[in-house]
Amino acid sequence: MALPKAKQDATEAFLAQVTLPEGAAWASAARKAALERLRDMGVPVRRDEYWRFTRPETLFERPAPEAEVFVADEEPVFGAIDRLKLVFVDGVFDAEASDDPAMDGVEITRLSQAAAADIHWARELYGVLEARSHADVPRPLAALNSATATDGVVIRVTGKPVRPISLIYLHGDRTSDAVLHHLVRVEPGAEVTLLENGPAAARFNKCIEVDVAEGASFNHVRAQGRDHERRAVTHMFARLAARSVYKSFTLTANGVLTRNEAIVEFTGDDAVAHVAGAAMGHGAFHHDDTVFVTHAAERCESRQVFKKVLRNGAVGVFQGKILVKSGAQKTDGYQISQALLLDDESEFSAKPELEIYADDVKCSHGSTTGAIDETALFYLRSRGVPRGEAQDLLVLAFLAEAIEEIEDPDIAADILSRLESWLARRRD
Amino acid sequence: MLEIKNLHVRLEEEDKEILKGVDLTVEAGKVHAIMGPNGSGKSTLSYVLSGRDGYEVTAGSATLAGEDLLEQEPEERAAAGLFLAFQYPVEIPGVGNMTFLRTALNAQRKARGEPEVSAGDFLKLVREKAKTLKIDAEMLKRPVNVGFSGGEKKRNEILQMAILEPRMCILDETDSGLDVDAMKLVADGVNALRDEGRGFLVITHYQRLLDHIVPDVVHIMAAGRIVKTGGPELALEVEKNGYHDLLAEAG
Ligand SMILES: Nc1ncnc2c1ncn2[C@@H]1O[C@H](COP(=O)(O)OP(=O)(O)O)[C@@H](O)[C@H]1O
Ligand SMILES: [Mg+2]
């Protein structure tokens, strides 16, 4: 398919700046193939339907816009959770700061090592889900990731490791431009929790490909860093086999530009996928959640719950699709996206989509944009709760449905406390 | 306790005067009732006293124990001891009733410089008060007023009052939508709080409630004014003859 001239020119100009990292033969081949996919799709431009609400340029054009390093005034998230820590600083693995990756029930390698060796399952997954996904919508920045990722973690879960695996992304350089690509394979019946937190870099392009086998379970909770000027484009590709369970929750507070894509495909029957997010934006904040769930098996349940709290000119975007293929009978699909606008300057755009080719399915979606309920606010104040605190209570109530998607009560409590302090810092 | 003088209130949105010079004093230890036809301004009075937006006081004053109420934020009025049992209690999805009660109690205590109530003491307090109002544990766990029946909402208002222990209680048509048993529960709840230091202003459309909460003074409100004041017998007169004769007589 020929690209429009302007897009083709932009793509060639960009590709001229790209060099691929070194690796073993399979890795080099995978990277080259990804680069060719990018060349075929072209770089994203504003006119692309898929980028209607978010300007893509600063997510890939070089050099990356600089981002001031944020000095946090609180302990990082997940601090009290017993976890296996793997630390990246500006996208570079920090062995000193990381834990020994040996743990029962899981094999953890770095992508840079896996790429030098030949880990057959990694080879069969790297760039594979990404490549499959373009049949529906081109996702060139994911292909760019597969082509240029310098590192990542490669996780094979064979049992039920007692601790979550925690990826910590520190940001220390205001010019850093990090690209990481993780692979996760959860073997039949195995279970794992993956935590991610931190800003990672001035600009972060991250991709995770997750293959969840029969009866296996993958749990994911992430908190993106609070650096105000950071940018991130992330893709999470999941392929779900029969009876598997996939749950992902993301908290985003701050960041000048974030695009989080989740691409989930049910390939086996009776599987469950929940994708949820809470985004808190104040001022220069543009947050885009783009989700694409494909039901290609029977009796699967998918649930998308996205909430955004926007103030002082912050912008929220949600694009969410449920595609039910013919034969995917008894699909149960649910999608809700809601924004709470705390003033008149903020805005929310939503594009919910259902595309259904099976006749016996249950799918629903809803999207709302609203302000604080003044009547409820007055009721609380009339009981003695000060305005700021009352408003925060209502904001947390608004977010509750998303936070309830976090299974582990300790992790949920930790996320909740982040939300509370984010709100408290902004009380009038 | 509560002193209202020549209170004039208009709506902010439209140029419409609702209260046209209300004078009313509720002494500590007394129960005053306000009766009056629909639309006479009873709820407006209760909202203005508790600080709801949308009203403009064009003349007059309202004080609680000598302090100017009208200058204060709603939460300050609450901490000072004013409580309004809403005619239409508000549903707050996502905020648990227990969280709501504890947040309110501790916020008021904090504003008054008192220590917070511990989780254990709070639980004991709520259980005890809820029991007398026949509010079950399930209702306490649910979000504030969400899915509550009309009667449950009203009982929940009285529960809040019992826990917050305000010194000036305004009840706006707390009897509406209640069956006889529920009304009895609510009245018992109110009567249990009656004491020397506490004033009550019971707004009602019907005399029924006043059989159970016997007032010291009854006022008739019409078209934004108190047009007649008397003893409990005034309520009976309304019950017997309706408002029409009374209003005609008051001119
Ligand atoms: N926010 C408002 N907007 C428009 N009209 C109002 C508003 N509040 C009160 N009113 C009007 O003021 C009058 C008094 O209302 P209200 O105080 O509710 O009376 P009551 O409680 O005695 O039935 C009515 O005519 C009502 O329609
Ligand atoms: Mg009324």
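This text goes with the structure placed above it.
Here's a quick rundown of the structure.

The rules behind each value
Residues numbered from 1 in each chain as written. Chains lettered and ligands numbered in written order. Predicted model: local features only at pLDDT ≥ 70, side-chain atom pairs only at ≥ 80, totals over all residues. Heavy atoms only, no water. Donors = N, O, S within 2.8 Å, 3.2 Å for Na, K, Ca; no water. Helix = DSSP H or I, 4+ residues; strand = E, 2+ residues; numbered from the N terminus. Buried < 20%, exposed > 50% of the residue type's maximum accessible area, 1.4 Å probe, protein only. Near = heavy atom within 4 Å. Polar contact = N/O pair within 3.5 Å; in protein donor to acceptor, adjacent residues only side chain to side chain. Nonpolar A, V, L, I, M, F, W, Y, C, P; charged D, E, K, R; others polar. Core = buried A, V, L, I, M, F, W, Y, C linked by side-chain atoms within 4.5 Å. Contact = heavy atoms within 4.5 Å. Axes fitted to C-alpha atoms, helices over the stretch in contact; angles between N-to-C directions. Left-handed = near helix turned anticlockwise from the far one by under 90°.

## Description of the coordination of the magnesium ion (ligand 2)
Residue and element names in this part refer to chain B. Around the magnesium ion (ligand 2), the protein contributes the donor atoms S43 (OG) and Q87 (OE1), at 2.1 to 2.3 Å from the metal centre. Of this pair, S43 sits in helix α1 (residues 42–50) while Q87 sits in the loop between β6 (82–85) and β7 (92–96), placing them 44 residues apart in sequence. On the accessibility criterion, Q87 (13% relative accessible area) is buried.

## Regarding the site of ligand 1
Residues and elements named next belong to chain B. As a structural note, the neighbourhood of ligand 1 is formed by 13 residues, with I18, G39, K42, S43 and T44 the closest of them. One of the side-chain N or O atoms of T44 is found 2.5 Å from an oxygen atom in ligand 1. Take the shell around ligand 1: its biggest share by element is three residues, from α1. Of the residues contributing to the shell around ligand 1, the split by class is four nonpolar, six polar and three charged.

## Details of the nonpolar core
Soluble globular proteins: nonpolar side chains tend toward being buried together. All names here are of chain A. If you look at the biggest cluster of nonpolar residues, it comprises 117 residues, and the most contacted ones within it are M280, L399 and I415. No other element matches the ten residues that helix α8 (residues 387–403) contributes to this core. Other than its neighbours up to four places away in sequence, L399 contacts A278, M280, K307, V309 and L419.

## Regarding unusual backbone geometry
At the junction of R62 of chain A and P63 of chain A, the peptide bond is cis and its omega measures out at -5 degrees in the coordinates. Along the chain, P63 of chain A turns up in the loop between α2 (25–41) and β1 (84–89). Look at N312 of chain A: it is not a glycine, yet its phi comes out positive at around 55 degrees. Topologically, N312 of chain A is positioned in the loop between β15 (301–311) and β16 (315–324). Despite not being glycine, E165 of chain B shows a phi value in the positive range, around 45 degrees.

## Side note on the packing of helix α3 (residues 97–111) of chain B against helix α6 (residues 150–164) of chain B
Between two packed helices, the angle of one axis relative to the other and the distance separating the axes together describe the packing. Residues and elements named next belong to chain B. It is at 10 Å that the axes of α3 and α6 come closest, and there the two elements cross at 35 degrees. Seen along the crossing, α3 lies across α6 with a hand that is right-handed. For the pair α3 and α6, contact is made by N97, F100, L101, A104, L105 and Q108 and by N156, L159, Q160, I163 and L164, respectively. Tallied by class, residues from the contact of α3 with α6 come to seven nonpolar, four polar and no charged.

Structural measurements only, silent on function.
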